[in-house]
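Fold and contact review
One letter stands for each residue in the lines below.
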Amino acid sequence: MSYIEGFVFPVPTENKERYLKHARDCVPIFKKYGALRLVENWGVSISQDGDTSFSKAVKKQPHETVMFSWVVWPSKEVRDEGMEKLFKDPFFAEGYDLPFDEKRMIYGGFETILDE
């Protein structure tokens, strides 16, 4: 089964096109190092109710939109090796300017146990 690395983070709403360009620029680099698929999702219906929410988790501000993204890898081993190489790639190593506040990103790796 595959290994999924998931991300939730806020992006300034005015940076939507800049973020999309960033994501598109990242696709060939991630795939170069073993990723199978990158998926980016722009929040349109994010609950604010209850004790927890995506918005609360990332400390979303009124001028921001929550992103939900994931990368599909063949395995955790490919991911670990790929990410090590990815961050040494000139695209990222040269101080790439991210279009969002990475300090408020929540992320984690998940082993797929069901995919129907």
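Computed from a predicted model, the values in this text were never measured in an experiment.

Some remarks on the side chain of threonine 112
Note that threonine 112 resides in the segment after strand E4 (106–111). In this structure threonine 112 comes out as buried when scored by relative accessible area, which is 12%. The residues touching threonine 112, leaving out its near neighbours within four places in the chain, are Met1, Ser2, Tyr3 and Ile4.

Re the pattern of salt bridges
With the rule as written, the count across this model stands at nine salt bridges. The closest approach of N and O atoms between aspartate 25 and lysine 21, which form a salt bridge, is 2.7 Å. Here lysine 21 and aspartate 25 lie together in helix H1 (residues 16–32), a separation of four residues that amounts to about one turn. Here lysine 85 makes a salt bridge to glutamate 81, at a shortest N to O gap of 3.2 Å.

As for the confidence of the model for the protein
Per-residue pLDDT for the protein averages 92, and the proportion of residues at 70 or more is 98%. Across the protein, the secondary-structure element scoring lowest on mean pLDDT is helix H4 (residues 90–93), at 81, and the one scoring highest is strand E2 (residues 37–42), at 97.

A closer look at the sheet that holds E4
Spatially, four strands are ordered E2-E3-E1-E4 in an open sheet, and the strand pairing comes out antiparallel. Every other strand in the sheet has two partners, leaving E2 and E4 as the edge strands with one partner each. Taking each pair of neighbouring strands and ignoring which way they run, the sheet shows an average axis angle of 15 degrees. Relative to E4, strand E1 (residues 3–12) runs antiparallel, the two sharing six bridges. Note that in E4 the partner of valine 8 across the bridge is isoleucine 106.

Some words on the pairing of E1
Taking burial as the measure, the 10 residues of E1 include 10 buried ones, the bulk of the element. The alternating pattern of E1 places Tyr3, Glu5, Phe7, Phe9 and Val11 and Ile4, Gly6, Val8, Pro10 and Pro12 on opposite faces, both of which are buried. In this structure, E1 lies alongside strand E3 (residues 64–73), joined through 10 bridges in antiparallel fashion. Opposite phenylalanine 9, over in E3, you have methionine 67 as the bridge partner.

Considering the packing of aromatic side chains
Under the counting rule described, the total for this entry stands at seven aromatic pairs. Ring centres of phenylalanine 30 and tryptophan 73 lie 6.2 Å apart, and the angle between their planes is 50 degrees; this geometry places the pair in the tilted category. In this pair, phenylalanine 30 is assigned in helix H1 and tryptophan 73 in strand E3, connecting sequence segments 43 residues apart. Residue tryptophan 73 is classed as buried on the basis of its relative accessible area, which comes to 0%. Here the aromatic cluster, defined as three or more aromatic residues joined through ring pairs, consists of Phe9, Tyr19 and Phe100.

The rules we used
- Residue positions are counted from 1 within each chain, in the order its sequence is given.
- Reporting of local features is limited, given that this is a predicted model, to residues whose pLDDT is at least 70; pairs of side-chain atoms are given and counted only at 80 or more, and all residues count toward the totals for whole chains, interfaces and linings.
- The side-chain figures draw on all heavy atoms in the structure; neither hydrogens nor water molecules are used.
- Think of it this way: any DSSP run of H or I at least four residues long counts as a helix, any run of E at least two long counts as a strand, and we number them from the N terminus.
- Accessibility here uses a 1.4 Å probe with only protein chains present; expressed as a share of the type maximum, an area under 20% marks a residue as buried, one over 50% as exposed, and anything in between as partly exposed.
- Between two residues, a contact is recorded if the distance between any of their heavy atoms is within 4.5 Å.
- Salt bridges are identified by distance alone: a Lys or Arg side-chain nitrogen within 4 Å of an Asp or Glu carboxyl oxygen.
- A residue's pLDDT is simply how confident the predictor is in it, with values from 0 to 100.
- Should DSSP find at least two bridges between two strands, the strands are regarded as paired.
- Every axis in this analysis is a line fitted to C-alpha atoms, fitted for helices over the stretch in contact. Angles between the N-to-C directions lie between 0 and 180 degrees.
- In this analysis, rings of Phe, Tyr and Trp, with Trp reduced to its six-membered ring, are considered paired at centre separations within 6.5 Å, and the interplanar angle assigns stacked below 30 degrees, edge-to-face beyond 60, and tilted for intermediate values.

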